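# Architecture and fold: a report
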Amino acid sequence: MKKPVINIGVTGLNAIDSPGPGVAVIRGLREAGSFDIRIIGFAYESLEPGIYMHDLVDRTYQIPYPSTGTDALLSRLEYIHSREKLDVIIPNFDAELYSFMKLESKLLQMGIHMFLPTMEQFEERHKVNLSEFGKKYGIDVPLGKAIFDSSEIFDLQKDFDFPLMVKGKWYDAYIAYNMEQARTYFNKISAKWGLPVVLQRYVHGTEYNVTGLGDGKGNTIAAVPMRKQFITDKGKAWAGISIDDKKLLSITQKFISATKWKGAFELEMMKSNDNKYYLMEINPRIPAWVYLAVGVGQNIPEALTNLAMGNEVAPFESYEVGKLFIRYSYDMIVDRSEFEKISMNGEL
Amino acid sequence: MKINENLAISESGFLFNPSTGESFTVNPIGAEIIEKLKVGKSEEEILNELHDTYEIDKKSLQKDLLDFNQILKQYQLLEQDEETSN
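## A word on the interface of chain B and chain A
On the side of chain A, 10 residues touch chain B, which itself brings 10 residues to the contact. Residue composition of the side of chain B that touches chain A, grouped by class: 3 nonpolar, 7 polar and no charged.

Next comes the structure, spelled out in structure tokens:
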């Protein structure tokens, strides 16, 4: 039987040292057994490497930054849709999710499907609200507090010992070892990502991550835990290994069933030196290391696309333990005319 | 003490703990001890078997085995630690 061809728009083509998930997502989609694909890349910048990976991305369009508002995004998507007949969009950046969620019903009317968390799920898991989230769902979360002024750090000294984590609303996290450092990081992060800035109690231990997929009814469709083996100076995993940790998987299932999580996610967990697990962050999207999940038998991008299209998806029941992903950088040689096309016309 | 049952050990002495993702290397004697622990041999049995195989006085061997056990414990490769972590 001939497989259907699905036109999928994918963001996050910035396969750089702190990579967006787009290229890994597309690699998973290219390996999908249940459908064939045509990939429409959505890029914010003309030097996102994925734009030029023609074996992965069929055509790329520039889209406006989330800060320009949803009207500008909708109008650009309408134009792209008129050319490409999009079936599915997979947004991969935290900062753009809000805009896509706002446009979900309008896009559906146009025949474009997504499989995103609900606005409530998106908001309550936000790192600014993570402490309340932990209390509500009975998941251990390190004490955290959102602050709007650096003077608040001084008042919070009774609750937070140094070192403590200073985190941006969207990205960036630093370990502050004293008051001076905490203030410096507050200023640095608030200038870049705005307010509030989150202070979080530092947990000594080992970092583990889980990527998974919830069907929105409380069922776990996919879940693969990974231990970071090598971390860059930006804290990103450059190598990792799939593990068999029953406790991590049970926390993941608890998270999905309690919240009825819809869509893909990444849980950032810390196993403390006394073997307690703390949920550090919930990213409401596919992580950049998702190709490991694909490689060990759980093709999350394929399953997510099928869910978005309204198809039945059976939960994955196993994965290979002890498989590593090792990231690498690769120099492409690109003709100036290609750079010119995406820069001048916003399309390639 | 019982070694973590899931622990994978190759002939080269490469150890992988699938529940934590940690890997270690041990020398041939270390690998031999771990293999013996994996099939459920007691410390006493291992001590006697190693003493029969290698030229070493029992007291030194006992001390080395104790040290090795401590290292396994430190890296949470023994079953009792595994249970408390899960």
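Still more ground to cover, so stick around.
## Some remarks on the sheet that holds strand S6 (residues 164–167) of chain A
Residue and element names in this part refer to chain A. Ordered by their spatial adjacency, 4 strands build an open sheet running S5-S8-S6-S7, and the pairing between neighbours is antiparallel. Among the strands making up the open sheet, the edge pair consists of strand S5 (144–147) and strand S7 (173–176). Across the sheet, the axes of successive neighbouring strands diverge by a mean angle of 25 degrees, strand direction being ignored. Summarising the sheet, S6 and strand S8 (residues 197–201) pair through 4 bridges and their orientation is antiparallel. When the sheet's bridge partners are listed, Met 165 is paired in S8 with Gln 200. On the sheet, helix H8 (residues 179–193) packs against S6, S7 and S8 and is oriented at approximately 15 degrees with respect to S6.

## Concerning the pairing of strand S12 (residues 262–272) of chain A
Residues and elements named next belong to chain A. Most of S12 sits inside the fold, with 8 of its 11 residues counted as buried. Sheet topology note: the strand S9 (residues 205–215)/S12 ladder contains 11 bridges and is antiparallel. The residue bridging Tyr 208 from the neighbouring strand is Met 269, located in S12. Bridge count for S12 against strand S13 (residues 277–283) is 6 bridges, and the pairing is antiparallel.

## What to know about the nonpolar core
Ranked by internal contacts, the top residues of the largest apolar core, which has 83 residues, are Ile8(A), Ala222(A), Trp289(A), Val290(A), Ile300(A) and Leu304(A). One finds Ile147(A), Val166(A), Ala176(A) and Leu199(A) within the second-largest nonpolar core, a separate group that totals 14 residues.

## Points about unusual backbone geometry
All names here are of chain A. In this chain, Phe 162 is followed by Pro 163 through a cis amide linkage whose omega measures 0 degrees. With respect to the helices and strands, Pro 163 occurs in the loop between helix H7 (151–155) and S6. Across the junction of Leu 195 and Pro 196, the peptide omega takes the value 0 degrees, indicating a cis bond. For Pro 196, the position within the fold is in the loop between H8 and S8. The backbone phi angle of Asn 275 is positive, close to 65 degrees, even though this residue is not glycine. When you line up the elements, Asn 275 lands in the loop between S12 and S13. Here Asn 275 falls in the partly exposed class, since 14 other C-beta atoms lie within 10 Å of it.

## Overview of the sheet that holds S12(A)
Strand-to-strand pairing in sheets goes through backbone hydrogen bonds, with the strands running parallel or antiparallel. All names here are of chain A. In space, the 6 strands of this open sheet follow the order S13-S12-S9-S10-S11-S14, with antiparallel pairing throughout. Whereas interior strands pair on both sides, the edge strands pair on one side only; in this sheet they are S13 and strand S14 (324–326). Going across the sheet, the axis of each strand differs from the next one's by a mean of 30 degrees, ignoring polarity. Across the sheet, helix H9 (residues 246–259) lies against S9, strand S10 (220–231), S12 and S13, angled at about 130 degrees from S10, the strand it touches most.

What counts as what
Residues numbered from 1 in each chain as written. Chains lettered and ligands numbered in written order. Predicted model: local features only at pLDDT ≥ 70, side-chain atom pairs only at ≥ 80, totals over all residues. Contact = placed C-beta atoms within 7 Å. Nonpolar A, V, L, I, M, F, W, Y, C, P; charged D, E, K, R; others polar. Pairing = 2+ DSSP bridges. Helix = DSSP H or I, 4+ residues; strand = E, 2+ residues; numbered from the N terminus. Axes fitted to C-alpha atoms, helices over the stretch in contact; angles between N-to-C directions. Buried ≥ 20, exposed ≤ 12 C-beta atoms within 10 Å, placed from the backbone. Core = buried A, V, L, I, M, F, W, Y, C linked by C-beta atoms within 7 Å.

By themselves, these are just geometric observations and shouldn't be taken as functional.
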